[in-house]
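# Architecture and fold: a report
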Amino acid sequence: MKYLDEFSDPDLARRLLDQIHAATTRPWAMMEVCGGQTHSIIRHGIDQLLPEGVEMIHGPGCPVCVTPLEVIDKALAIAARPGVIFCSFGDMLRVPGSGQDLFGVKSAGGDVRVVYSPLDALKLAREHPDREVVFFGIGFETTAPANAMTVYQARRLGTGNFSLLVSHVLVPPAIAAIMESPRCRVQAFLAAGHVCSVMGTAEYPPLASRYRVPIVVTGFEPLDILEGIRRTVLQLEAGRYEVENAYPRAVRDEGNVPAREMLLDVFEVTDRTWRGIGEIPRSGWRLSDRYAEFDAERRFAVTGIHTGESPLCRSGEVLRGLIKPHECAAFGKRCTPRNPLGATMVSAEGACAAYHAYRRLELADAR
Ligand code: SF4
């Protein structure tokens, strides 16, 4: 399959690994920001093939995992209201809120629907003018353009019964927050190619020079990741801290200019709380005042939210790279993909789910 098979070629992977081993003279710790990259690394065992002491720290780049508990609870409250059709991508339905999840609301009679695009939700709104249709718009810079376009279309079409519950988060402020953390061990970053395909690379050089960390933009297939690691190790060994684009087939320096213009029109930067991490200044998007009429939070004025995480869940430490998932006592026991205690076990991109899917038996034995 084009763009998959040729980026999983075992001979090329071995060659890249040989180069990484030859270049490495001491331990290094690098963080892959994106949950998709985490899954690929664990699935293909890439971290186990690296030279001893070269550690992959799994970052907070799973959008489902970092959506704040308060927003999940707001989604639950809105979805339970009569007259509301609440639309979401499927992986949000099992994310635990303080008390239940969206599946619980659905089984109690709420009209919760899985859609594959925010435009599906807009279509539903046009088909049901007597109902309020809400789309749960979460994610990084990657999913934001489609949500922005949907709000733009809702206004253009005069679809007043559509609204967006927004909780978008941004990668560069998260990198800054990680580097500012007193317990930070990260010496380099693999940046997420899909984020950069939208936003370009211009936000990263100031971060690389301020924190003296190499940042290599890369993709999600095994060879993409190995090439990203190879370039990162070469920079670390040489004492360089530059931004490199190892994913040129998808990423241009300027990103996707029309998408960025749409984002600038529809959203504005805001402080955002990340689940398990806390508030990061100017790390999210909300609907701008120009589109406030489509903001579900304003429309439904949900109040009285009192959040409470499972006391067993250590996903905050997982998301900050301070522990690996199997170091949580609940991993694979009280917490499984079927009965997740935290968001990092729910999402296909969550580090706990990745470890459970691909490392379950060996880690259970090792504990
Ligand atoms: S294994 Fe479960 S309880 Fe432990 S940190 Fe991960 S999501 Fe939380």
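Residues numbered from 1 in each chain as written. Predicted model: local features only at pLDDT ≥ 70, side-chain atom pairs only at ≥ 80, totals over all residues.

Turning to the domain arrangement of the chain, a few remarks are in order. Here the chain is partitioned into domain 1 (1–310) and domain 2 (315–366). Taking the mean C-alpha position of each, domain 1 and domain 2 sit 19 Å from one another. In this assembly, 27 residues from domain 1 lie in contact with 21 residues from domain 2. Where the side of domain 1 that touches domain 2 is concerned, the elements lending two or more residues are helix 2 (35–43), strand 2 (54–61) and helix 4 (63–66). Sort the elements by how many residues they give to the side of domain 1 that touches domain 2 and helix 2 lands first, with six residues. The residue inventory of the side of domain 1 that touches domain 2, partitioned by class, reads 13 nonpolar, nine polar and five charged. (Domains from an automatic or database assignment. Contact = placed C-beta atoms within 7 Å. Helix = DSSP H or I, 4+ residues; strand = E, 2+ residues; numbered from the N terminus. Nonpolar A, V, L, I, M, F, W, Y, C, P; charged D, E, K, R; others polar.)

If you trace the six strands from one edge of the open sheet to the other, you get 4-3-5-6-11-10, paired in mixed fashion. The sheet terminates laterally at strand 4 (111–114) and strand 10 (267–274), the two strands that pair on one side only. Taken over all neighbouring pairs, the strand axes of this sheet differ in orientation by 25° on average, direction set aside. Summarising the sheet, strand 6 (residues 162–169) and strand 11 (residues 278–287) pair through two bridges and their orientation is antiparallel. Each bridged residue has a counterpart across the sheet, and for H168 the counterpart in strand 11 is W285. (Pairing = 2+ DSSP bridges. Axes fitted to C-alpha atoms, helices over the stretch in contact; angles between N-to-C directions.)

With that settled, consider the site of the ligand. In the vicinity of the ligand, 16 residues are found, and the nearest of them are C313, C328, C335, G342 and C352. In terms of residue class, the shell around the ligand is built from 12 nonpolar, three polar and one charged. (Near = placed C-beta within 6 Å.)

What follows covers the sheet that holds strand 2. Taken together, five strands build an open sheet; the order of strands is 2-1-7-8-9 and the sheet is parallel. Each of the sheet's edge strands pairs with one partner strand only, and the pair in question is strand 2 and strand 9 (243–245). Each strand axis lies, on average, 25° off the axis of its neighbour in the sheet, ignoring direction. Pairing of strand 1 (residues 28–34) with strand 7 (residues 188–192), which is carried by three bridges, proceeds in the parallel orientation. Paired with M30 across the two strands is A188, which belongs to strand 7. Relative to strand 1, helix 2 is tilted by about 120°, and along the sheet it contacts strand 1, strand 2 and strand 7.

Let's shift gears to the environment of R183. Following the sequence through the fold, R183 ends up in the loop between helix 9 (171–180) and strand 7. For the pair R183 and G321, spaced 138 residues apart in the sequence, the C-alpha separation amounts to 9.5 Å.

Of all eight residues in strand 6, eight are buried; the element is thus mostly enclosed. Of the two faces of strand 6, the one carrying F162, L164, V166 and H168 and the one carrying S163, L165, S167 and V169 are both buried. Note: strand 5 (residues 132–139) against strand 6, seven bridges, orientation parallel. When the sheet's bridge partners are listed, I138 is paired in strand 6 with S167. (Buried ≥ 20, exposed ≤ 12 C-beta atoms within 10 Å, placed from the backbone.)

Turning to the packing of helix 7 (residues 118–127) against helix 8 (residues 144–157), a few remarks are in order. Look at helix 7 against helix 8: their axes get within 9 Å of each other, and the N-to-C directions meet at 20°. Relative to helix 8, the element helix 7 is oriented roughly parallel. As helix 7 runs across helix 8, the sense of the crossing is right-handed. Of the residues in helix 8, those in contact with P118, L119 and L122 of helix 7 are A146, N147, T150, Q153 and A154. Among the residues making up the contact of helix 7 with helix 8, the classes are represented as five nonpolar, three polar and no charged. (Parallel < 35°, antiparallel > 145°, perpendicular 65-115°, else oblique. Left-handed = near helix turned anticlockwise from the far one by under 90°.)

Here helix 12 (residues 222–238) contains 17 residues, and its C-alpha end-to-end distance of 24 Å stays within 8% of the 24 Å for a straight helix at 1.5 Å per residue. Counting buried residues in helix 12 gives 13 out of 17 residues, a clear majority hidden from the surface. Directly after helix 12, the chain includes G239, whose backbone phi takes a positive value near 75°. (Expected span 1.5 Å × (residues − 1).)

Here we take up unusual backbone geometry. Even without glycine at this site, R212 takes up a positive phi of about 55°. Judged by local crowding, R212 falls into the exposed class, with 12 C-beta atoms found within 10 Å. A positive phi angle, near 50°, is found at R282, a position not held by glycine. Secondary-structure assignment places R282 in strand 11. Assessed through the 13 C-beta atoms surrounding it within 10 Å, R282 is described here as partly exposed.

So, about the pairing of strand 1. Strand 1 sits mainly inside the fold: six of its seven residues count as buried. The sheet contact formed by strand 1 and strand 2 spans six bridges and is parallel. Bridge pairing in strand 2 links M31 to I57.

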